[in-house]
Amino acid sequence: MSFGIWAPRHPGDLDLHLSAWPSFFDLNSPLEVQETIQIPKNGSTPLIVDVQVFVTNVFDVDILQYTVSSMLLLRLSWLDTRLAWNTSAHPRRVLTLPWDSLWTPELTIQEALWVDWQDQSPRAQVDQDGHVELYLALTTETNCDFELLHFPRDQSNCTLSFYALSNTVAELEFQARVVNEIVSIKREYIVQDLKTQVPPQQLVPCFQVTLHLQNTALKAIIALLVPGEALLLADICGGLLPLQATERIAYKVTLLLGYLVFHSSLVQALPSSSSCNPLLSKPCALTWPWAGPLCLACLLLPLCSAPWALEAQACPLTPTPVPALPVYYFTVLLLLLFISTMETVLLAGLLARDHLPARSSPHPALRGAQQAREHAGPNPEEATRREAGSRRSWVEAADHTFFLLYVAGVVCSQFIFVGLWMWATCKSDPAPGEAAPHGGQPRL
C-alpha cells in the first residue's frame, strides 16, 4: 500500500549514469548516496510536490463488502536543485534515473485493502534545472462508506487519501488535481464527478481524491423491485377468486412460499447493514413538511405497514426533525402476503364448516322430541339452510371488505415508501474513529 524510496544497495549502482551526470553526482561514499535520497530543502517553506491524478477506470463496486476497485495514474513533479547541472558542460537536457537513486515521496493509501503497483521499478525524468517528474500506475481496492438511503438510485462519495507518512507538513506539501480518463460506462456504478483536496490541519502531508459514484439502478430494479411488486400484484389479483374455490387457498399459499424463497435470496443480495436505507434495516429521519402527512397516514391506515405504526404514534407534527421511522420495505411485502393468506385460510375454513355432514345422529330420546317439534313447527332443514346462507353472506361480506382494505393498504404502503425514498433525510451515526476524542487522523 506504499510506494517509497530506498537507498541503492551499493554506490556502484550509480555508475551507469556517471558519464552523463555532473561531478556533483560522482558519489563515492555511502554518506553521499544517502544525502541524495533525503528530501530536498526548500528554505523555510515546505517542498511543493505537484500531483496530477489520472483516473482511468473504476470497476467492481461491491456494496456487500463496501469496497470499490479503481485504476489510477499518478504524475508527481517537484524541484530538487541538487540534481541540476550546467548544460554547457553536460549537453544532455533530460536524464532518466532509477526511482531508488533519488528522493521520491513515499505514498500510502489510507482506505486501501491492497495496492498493486504496475511498475515495480519506475524511472524518473530529471531536467537540467532539477525538475523531477515521476509516473506511478496502480490498481487498488479501497473501502467506501456507501450512502444507500436512496438505493437503488443511490449516490456515494468514495475517498482515496494519499499520505506521505515519512515526512511532516513542515517538510512537504501536496498540490493535487485530478483528470477523468474513464472511457467505459458499461458499469452498474458510473463516475459522475472527480475532486481533489488537501485536508487542512494534518500531521502528515496528505491529499485526497473523491469519486462521486451513481448507481444506474437497472440491475437492482430488475432483480429486486420488479419481482417483489409482481408478487404483490399477483396476490391482489388472487383476491378476486371466489372464496368457495379451493384453488384460491392453493394460489395464495404458492405465492407466499414463492416470496419466502425470493426473500431468502434477497438477504444475500443486499448489505447486511446500512447507516440509512428504507430498503434495508436502519431507520431514517423525516423533516417537515413530509413528516406530518406520512405519520397521519400510518396512524389512519395501519395496514400500510405494521412496523411503522408503533413509531408513527410518537411522531410530532413539528417543523423539527421527527423520530425515526423504521422502514422494512421487503419485510412489509412479506407481512402483507402473510396477512392476505391467513385471511383466505380462516374465512375459507369458516365457510367450509357449513358443508360438513353431521358425524353422529342424535340420541333416540332426543330424536322423538325432535320429531314432535317437526310436526309442531317449521321445517328445521329450511332454518339450517337460512342460517348457513346468512353465515355465508357474512363471510363473503367480510372477505370483500378485507379485499378493499387490503388494496387500499397496499397502495398506501407504496406511496409512503416512495415518499420516504425520495424526500427523507438521513444523518448517519458517526464512525467510531470520528466519535473518539482523538480518533480520525493518522498519528506520527
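The residue count restarts for each chain, going from 1 along the sequence in the order it is written. Predicted model: local features are reported for residues with pLDDT of at least 70 only, side-chain atom pairs are reported and counted for 80 or more only, and whole-chain, interface and lining totals are derived from all residues. In computing side-chain values, all of the structure's heavy atoms are included and hydrogens and water are not.

Overview of the packing of helix 3 (residues 246–269) against helix 6 (residues 329–353)
Thought 1: Taken N-terminus to C-terminus, the directions of helix 3 and helix 6 make an angle of 160°; their axes are 10 Å apart at the nearest point. Considered as vectors, helix 3 and helix 6 are oriented roughly antiparallel to each other. Crossing of helix 3 over helix 6 shows left-handed handedness. Across from R248, I249, K252, V253, L256, Y259, L260, F262, H263 and L266 in helix 3, the residues of helix 6 making contact are F330, T331, L333, L334, L337, F338, S340, T341, E343, T344, V345 and A348.
Thought 2: Across the contact of helix 3 with helix 6, the residue classes tally to 14 nonpolar, five polar and three charged. What counts as an axis is a line fitted to C-alpha atoms, over the stretch in contact for a helix, and the angles between N-to-C directions run from 0 to 180 degrees. Secondary structure elements follow DSSP: runs of H or I no shorter than four residues count as helices, runs of E no shorter than two count as strands, and numbering proceeds from the N terminus. For classification purposes, angles smaller than 35 degrees are called roughly parallel, those larger than 145 roughly antiparallel, those between 65 and 115 roughly perpendicular, and all remaining angles oblique. When the near helix sits turned anticlockwise from the far one by under a right angle, the crossing is termed left-handed; a clockwise turn instead gives a right-handed crossing. Any two residues whose heavy atoms approach within 4.5 Å at even a single point are treated as in contact. Side-chain classes are defined by residue name, with Ala, Val, Leu, Ile, Met, Phe, Trp, Tyr, Cys and Pro counting as nonpolar, Asp, Glu, Lys and Arg as charged, and the others, Gly among them, as polar.

Topic: the state of the cysteines
Thought 1: Defined by distance alone, a disulfide is two cysteine sulfur atoms within 2.5 Å. Applying the stated rule across the entire model yields one disulfide.
Thought 2: What pairs with C144 in a disulfide is C158, and their sulfur atoms sit 1.9 Å apart. Across the S-S bond of C144 and C158 the torsion is about -80°, and the bridge reads as left-handed. Of this pair, C144 sits in the loop between strand 8 (131–143) and strand 9 (155–163) while C158 sits in strand 9, placing them 14 residues apart in sequence.

Here we look at the nonpolar core
Thought 1: Among buried residues, those of type Ala, Val, Leu, Ile, Met, Phe, Trp, Tyr and Cys that are joined through side-chain atoms within 4.5 Å constitute a nonpolar core. Type-normalised accessible area, obtained with a 1.4 Å probe on protein chains alone, sets the label of each residue: buried when under 20%, exposed when over 50%, and partly exposed for intermediate values. Counting 74 residues, the largest nonpolar core has V49, F146, F162, L211, L213 and F330 as the members making the most contacts within it.
Thought 2: Contacts of L211, omitting those with residues within four sequence positions, involve V55, V58, S156, N157, C158, L160, D193 and L194.
Thought 3: Judged by nonpolar contacts, the second largest core, of five residues, contains L243, L347, L351 and V395.

Observations concerning the confidence of the model for the protein
Note that predicted coordinates carrying low pLDDT should not be read in detail.
Thought 1: Summary statistics for the protein give a mean pLDDT of 74 and a share of 66% for residues scoring 70 or more.
Thought 2: pLDDT expresses how confident the predictor is about each individual residue, on a scale running from 0 to 100. For the protein, helix 5 (residues 306–312) is the element with the lowest average pLDDT, namely 34, and strand 8 is the one with the highest, namely 96.
Thought 3: Across residues 1–25, where pLDDT falls below 50, the model places 64 contacts with residues more than four positions away in sequence or in other chains.
Thought 4: Note that residues 27–33 has pLDDT below 50 and, in this model, nine contacts with residues that lie over four places away or in other chains.

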